[in-house]
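# Overview (structure and organization)
Below are the chains, spelled out letter by letter.
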Amino acid sequence: MKPLIGYLFLANGIIFGIASNSFAKISQGFTKLTPSILCILFMCITMFSIAKAMHAIPVGFAYSIYSGLTVTGVVLFAVLKFNQVPNIYGIIGIAFIIIGVVMVNYLGRLN
């Protein structure tokens, strides 16, 4: 598999990872049927996409990017949808996550 295809699967995994985590909140502890089903479906798509991405991208690299960007995306979703704004320590933590993803991407290449 070509690296570009791997990155497309990785991007798909990140998008569906953010969506699945967002539906986990909306499902209210899996008490609402439709958001619960969407959460499970999107998580399956996420895991499939990440597994496919790892055919072309090293495991540690793919998973670190997936987890960092998914956490950041979920925080942004929480700010926009639920007005859950993190305090200064949360903002600093998210900044460290983004810096870590950039460092792994540009400085920590795994072969």
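The paragraphs below set out a description of the structure included in this document.

Rules used in this analysis
Residues numbered from 1 in each chain as written. Predicted model: local features only at pLDDT ≥ 70, side-chain atom pairs only at ≥ 80, totals over all residues. Heavy atoms only, no water. Helix = DSSP H or I, 4+ residues; strand = E, 2+ residues; numbered from the N terminus. Contact = heavy atoms within 4.5 Å. Areas by Shrake-Rupley, 256 points an atom, 1.4 Å probe, with all protein chains shown as cover. Axes fitted to C-alpha atoms, helices over the stretch in contact; angles between N-to-C directions. Parallel < 35°, antiparallel > 145°, perpendicular 65-115°, else oblique. Left-handed = near helix turned anticlockwise from the far one by under 90°. Nonpolar A, V, L, I, M, F, W, Y, C, P; charged D, E, K, R; others polar.

### Some remarks on the overall build of the protein
Each helix and strand in the protein was counted, giving four helices and zero strands. When its C-alpha atoms are laid out on the principal axes, the protein stretches across 45 × 35 × 15 Å. Nonlocal contacts in the protein, meaning residues at least 24 apart in sequence, comprise 69% of its contacts between residues at least 6 apart. Surface exposure of the protein reaches about 7000 Å², of which carbon and sulfur atoms provide 74%.

### Re the packing of helix H1 (residues 3-26) against helix H2 (residues 33-53)
Axis separation between H1 and H2 bottoms out at 7 Å; the angle between their running directions is 160°. With respect to H2, the element H1 is oriented roughly antiparallel. Pair H1 / H2 crosses with left-handed handedness. Side by side, H1 and H2 meet where Gly6, Phe9, Leu10, Asn12, Gly13, Phe16, Gly17, Ala19, Ser20, Phe23, Ala24 and Ile26 of the first sit next to Pro35, Leu38, Cys39, Phe42, Met43, Ile45, Thr46, Phe48, Ser49, Ile50, Lys52 and Ala53 of the second. Here the contact of H1 with H2 is composed, by residue class, of 16 nonpolar, seven polar and one charged.

### Quick notes on unusual backbone geometry
Phi is positive for Gln28, which is not a glycine, with a value near 50°. Residue position: Gln28 is located in the loop between H1 and H2. Positive phi values are uncommon outside glycine, yet Asn83 reaches one of about 55°. Within the secondary structure, Asn83 is located in the loop between helix H3 (59-82) and helix H4 (88-106).

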